[in-house]
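Overview (structure and organization)
Okay, here's what each chain looks like letter by letter:
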Amino acid sequence: MATKLPSPPKIGMVSLGCPKALVDSERILTKLRADGYQMSGDYDDADVVLVNTCGFLDSAKEESLEAIGEAIAENGRVIVTGCMGNEADVIRQRFPDVLAVTGPHQYEAVVGAVHDAAPVPPSPFINLVPERDLKLTPRHYSYLKISEGCNHRCAFCIIPSIRGDLVSRRPDAILREAEKLVEAGTKELLVISQDTSAYGVDIKHQPRPWKGGEVRAHMTDLARELGKLGAWVRLHYVYPYPHVDQVIPLMAEGLILPYLDIPFQHASPNVLKAMKRPANEAKVLERLKAWRAIAPDIAVRSSFVVGFPGETEEDFQYLLDWLDEAQLDRVGAFRFEPVEGAAANALPNPVPEEVKEERYARIMEKTAAISAAKQQAKIGRTLDVIIDAVDSEDGGATGRSKADAPEIDGEVHLRDAGHLKAGDIVRVLIEDADDHDLFGVETEN
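Not measured: the values here are computed from a predicted model. (Residues numbered from 1 in each chain as written. Predicted model: local features only at pLDDT ≥ 70, side-chain atom pairs only at ≥ 80, totals over all residues. Heavy atoms only, no water.)

1. Focus: the overall build of the chain
So the rule is basically this: Each helix is a run of H or I in the DSSP string that is no shorter than four residues. Each strand is a run of E no shorter than two, and both are numbered from the N terminus. Each residue's exposure class comes from its accessible area (1.4 Å probe, protein chains only) as a fraction of the maximum for that residue type: buried when under 20%, exposed when over 50%, partly exposed otherwise. In this analysis, two residues are considered to be in contact whenever any of their non-hydrogen atoms come within 4.5 Å of each other. Every accessible area reported is derived by Shrake-Rupley at a probe size of 1.4 Å, with residue values counting cover from the shown protein chains alone.
The helix and strand tally for the chain stands at 12 helices and 20 strands. Buried residues in the chain amount to 53% of all 445 residues. Here the contacts in the chain between residues at least 6 apart in sequence split such that 72% fall between residues at least 24 apart. With an accessible surface of roughly 20,200 Å², the chain has 51% of that area assigned to carbon and sulfur atoms.

2. Digging into a negative patch on the surface
Note the threshold: Residues forming no salt bridge and having over 30% relative accessible area are the ones grouped into patches, like charges within 9 Å of each other and nonpolar side chains (Val, Leu, Ile, Met, Phe, Trp, Tyr) within 5 Å. When a carboxyl oxygen of Asp or Glu lies within 4 Å of a side-chain nitrogen of Lys or Arg, that pair is called a salt bridge. Charge assignment: positive for Lys and Arg, negative for Asp and Glu; neither His nor the chain ends contribute. Every charge is mapped onto a representative atom, which is NZ of Lys, CZ of Arg, CG of Asp or CD of Glu.
Taken together, the side chains of Asp42, Asp44, Glu70 and Glu74 make up a negatively charged region of the molecular surface. Relative to the assigned elements, Glu74 resides in helix 2 (residues 58–74). In this structure Glu74 comes out as partly exposed when scored by relative accessible area, which is 45%.

3. Digging into the side chain of Ser142
By secondary structure assignment, the location of Ser142 is in strand 6 (residues 141–145). For Ser142, a relative accessible area of 2% translates into the label buried.

4. Description of the pairing of strand 9 (residues 188–192)
Note the threshold: The pairing criterion is simple: DSSP has to find at least two bridges between the two strands.
Among the five residues of strand 9, five are classified as buried, and the element is accordingly described as predominantly covered. Direction of pairing for strand 6 relative to strand 9: parallel, over a ladder of five bridges. Considered in strand 9, the bridge of Tyr143 is made with Leu190.

5. Describing the environment of Gly423
Summarising the element assignment, Gly423 is placed in the loop between strand 18 (412–415) and strand 19 (425–433). Along the chain, Gly423 and Val385 lie 38 residues apart, while their C-alpha atoms are 9.6 Å from each other. Beyond its immediate sequence surroundings of up to four residues, Gly423 is in contact with His140, Lys187, Ile386 and Ile387.

6. Describing the sheet that holds strand 4 (residues 78–82)
The strand order across the open sheet built from five strands is 2-1-3-4-5, with neighbouring strands paired in parallel fashion. The open sheet has two edge strands with one neighbour each: strand 2 (38–39) and strand 5 (100–101). The pairing of strand 3 (residues 48–53) with strand 4 spans five bridges and is classified as parallel. Within the sheet, the bridge partner assigned to Asn52 lies in strand 4 and is Thr81.

7. Details of the packing of helix 6 (residues 171–183) against helix 7 (residues 219–227)
Operational definition: Axes here mean lines fitted to C-alpha atoms, for a helix over just the part in contact, with angles spanning 0 to 180 degrees between N-to-C directions. Note that the term roughly parallel is reserved for angles under 35 degrees, roughly antiparallel for angles over 145, roughly perpendicular for angles of 65 to 115, and oblique for everything else. By the definition used in this description, the sense in which the near helix is turned from the far one sets the handedness, with an anticlockwise turn below a right angle giving left-handed and a clockwise turn giving right-handed. When residues are sorted by character, Ala, Val, Leu, Ile, Met, Phe, Trp, Tyr, Cys and Pro go into the nonpolar class, Asp, Glu, Lys and Arg into the charged class, and all the rest, Gly among them, into the polar class.
Between helix 6 and helix 7, whose axes approach to 11 Å, the crossing angle comes to 25°. It follows that helix 6 is roughly parallel to helix 7 by the angle criterion. Where helix 6 crosses over helix 7, the handedness of that crossing is right-handed. Between helix 6 and helix 7, the residues in contact are Pro171, Ile174, Leu175 and Ala178 and Leu222, Glu225 and Leu226, respectively. The class makeup of the residues in the contact of helix 6 with helix 7 is six nonpolar, no polar and one charged.

8. Description of helix 7
Among the nine residues in helix 7, eight count as buried, and that is most of the element. Buried within helix 7 we find Met219, Thr220, Asp221, Leu222, Ala223, Glu225, Leu226 and Gly227.

9. A look at the packing of aromatic side chains
This is how it is decided: Under the pairing criterion, centres of Phe, Tyr and Trp rings, with the six-membered ring standing for Trp, must be within 6.5 Å; the plane angle then separates stacked pairs below 30 degrees from edge-to-face pairs above 60, leaving the rest tilted. Lysine NZ or arginine CZ positioned within 6 Å of the ring centre and within 35 degrees of the ring normal marks a charge as sitting over the ring.
A complete count under the given rule lists six aromatic pairs for this structure. Where Tyr239 meets Tyr241, the ring centres are 6.1 Å apart and the plane angle is 20°; that geometry is what we call stacked. Neither residue differs from the other here; Tyr239 and Tyr241 are each classed as buried. Following the ring pairs from residue to residue traces out a cluster consisting of Phe264, Phe304 and Trp322. The ring of Trp210 has Lys211 sitting right over it, with the charged end atom 5.1 Å from the ring centre. The residue whose ring lies beneath Arg234 is Tyr259, and the NZ or CZ to ring-centre distance is 4.5 Å.

10. Some words on the pairing of strand 1 (residues 10–15)
Looking at chain direction, strand 1 and strand 2 are connected through two bridges and run parallel. By the bridge assignment, Ile11 is partnered in strand 2 with Met39. Pairing of strand 1 with strand 3, which is carried by five bridges, proceeds in the parallel orientation. Looking across to strand 3, one finds that Gly12 is bridged to Val49.

11. Observations regarding the nonpolar core
A general tendency of soluble globular proteins is for nonpolar side chains to be buried together. Put simply, the rule reads: In these notes, a set of buried Ala, Val, Leu, Ile, Met, Phe, Trp, Tyr and Cys residues joined through side-chain atoms within 4.5 Å is what counts as a nonpolar core.
Residues Leu226, Leu260, Phe304, Trp322, Leu328 and Ile363 are the most contacted members of the largest nonpolar core, which totals 50 residues. At six residues, helix 11 (residues 313–326) tops the list of elements feeding residues into this core. Among residues more than four places away in sequence, those in contact with Trp322 are Phe264, Ala267, Val284, Leu285, Phe304 and Leu328. Val14, Leu65, Val80 and Phe95 belong to the second largest nonpolar core, which has 18 residues in total.

12. Some thoughts on helix 4 (residues 107–117)
Threshold: In this description, one arc is meant: the one made by directions from the helix axis to the C-beta atoms.
Buried residues of helix 4: Val110, Val111, Ala113 and Val114, and no others. End-on, the buried residues of helix 4 take up no more than an arc of 155°, which puts them together on one face. Turned more than 90 degrees off the buried face of helix 4, the exposed positions are Glu108 and Asp116.

13. Quick notes on the packing of helix 10 (residues 284–294) against helix 11
Two numbers describe a pair of packed helices, the interaxial angle and the distance between the axes. Taken N-terminus to C-terminus, the directions of helix 10 and helix 11 make an angle of 15°; their axes are 10 Å apart at the nearest point. Relative to helix 11, the element helix 10 lies roughly parallel. Considering only the axes of helix 10 and helix 11, their crossing is right-handed. Of the residues in helix 11, those in contact with Val284, Leu285, Leu288 and Arg292 of helix 10 are Trp322, Glu325 and Ala326. Tallied by class, the residues present in the contact of helix 10 with helix 11 amount to five nonpolar, no polar and two charged.

These figures come from the coordinates and say nothing about function on their own.
Following this line, the structure appears as C-alpha cells:
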C-alpha cells in the first residue's frame, strides 16, 4: 500500500509598491519554494499570507494597512514584511493578530517567520530546490536589482531611513543572474535600484573576473555586458551624473535600449535646492540635445513633484517652460505629500491643496500634449514591439515598443495578431496613435 505524502503548506502573497519590492517578493517566494512550500492564489487555500508592504508615502502606507486588514479578514494568518515593516508598532497596534513583522529585504527573517508559522513536513519528495527562481512578472521580462539603498538625502524622501545606504551587488553575480534569466526565457531585463547611476560607488567600482576578462562594478560596464546577452536591456532610476553620457553610445550600438528613466523631480533651481536633489546643476537641456544627436530614438521618462513647500507660481511656470524645451517622452507627476520622517515636512510656505490640484492638472495637460505630438510622429514608422498579451478571441495583441516600460508607459495595440504569443518580438507598422498608445499591424519590413 502506497504511503500518502504529507501536503506541504501553501503560501499566499500580496506584493505592493515598486518593482524593487516585487524583486524582494520573488526572492522570498523562491526561497520558500526551495524549502518545500507551495504557492496559493487565493486567501482560502493559503496556510499563511505574506503582505509585502510599501512605506514611501502616507497614501502607500494606508494601502498597505488596508491590504493587511483584508488578508487578516479573509485568512487570519498573516506575516508582514517590506518597507512598512520598520513601523512594526503601528502595524501591531492596528492589527495585534499579525504573526510576525519584518523589515525590507530581510529575507532570512521573513522566511524564518513562515517556517515558525507553518512548518514543512519533512519529505525527500517535497524538499526539492526549484529549477529556477519563482517569478511574479511574466516569463518574458524580469526586473534585475543591482543594488539596495541610497546615499542621497532628498528632503521629501525617507528611503535611506527605510532601506539604508547604498549597497551594490557584485557585477559578476548580477551578470550570472541575468544569464540565468535569459536562459529561462527572459526577453527583456529591467535594471532597477534606488540610484542606478551610483552603482558600485560603495565598493569603489571594484572589478571582478568575467568571461576571461574583468568587469567593473560600474553602470557603463554592467550595461555593456548585459547588452551582450541578447535581451532588451532597459535602465531605470538613472540620476543624470556626467558618466551617464557614456551609456548613450551603447544605445546607438543597439546593446541597450534607447531609454532612460531619470527622476528629475523638478526644474526650478530654487525648488531643486530646497529638495536637496543631487546633480541639480547639470546642464540637462544641453545634454538631452547631445544624447538625441547620438541616439535619435532615445526615449526619456521622468517624474515631477508639484506643490513642494515653497514652490511659487514662478517656480512652477519655470518647470512648464522647461518641459516645453526638454520634450520628454514619458512624464509622471505627483502632488507633494508629507511623509512622516521626511525633512521637507518642516519647510515653510506649504502649498495649499487647491493650488496643488490646479498645478497638477496643468502639468498633466502640458505633458499629455507633448506625448500626443510625439506619438503622432510615429505613425507610418515600423517599430520593434515585444508582445505582452494576446487575445485569442478577437485576434488582437498588446505589446510595447522600445520606448515603453511595462505598466508605467504606453502600449502598442496590434490587430490581426492572434498567431503571436507573449514574449515575441515583432516588427509593427504604426497606423494610428492617441496621447500615450500606438496602434498597428505586424509587418515583415
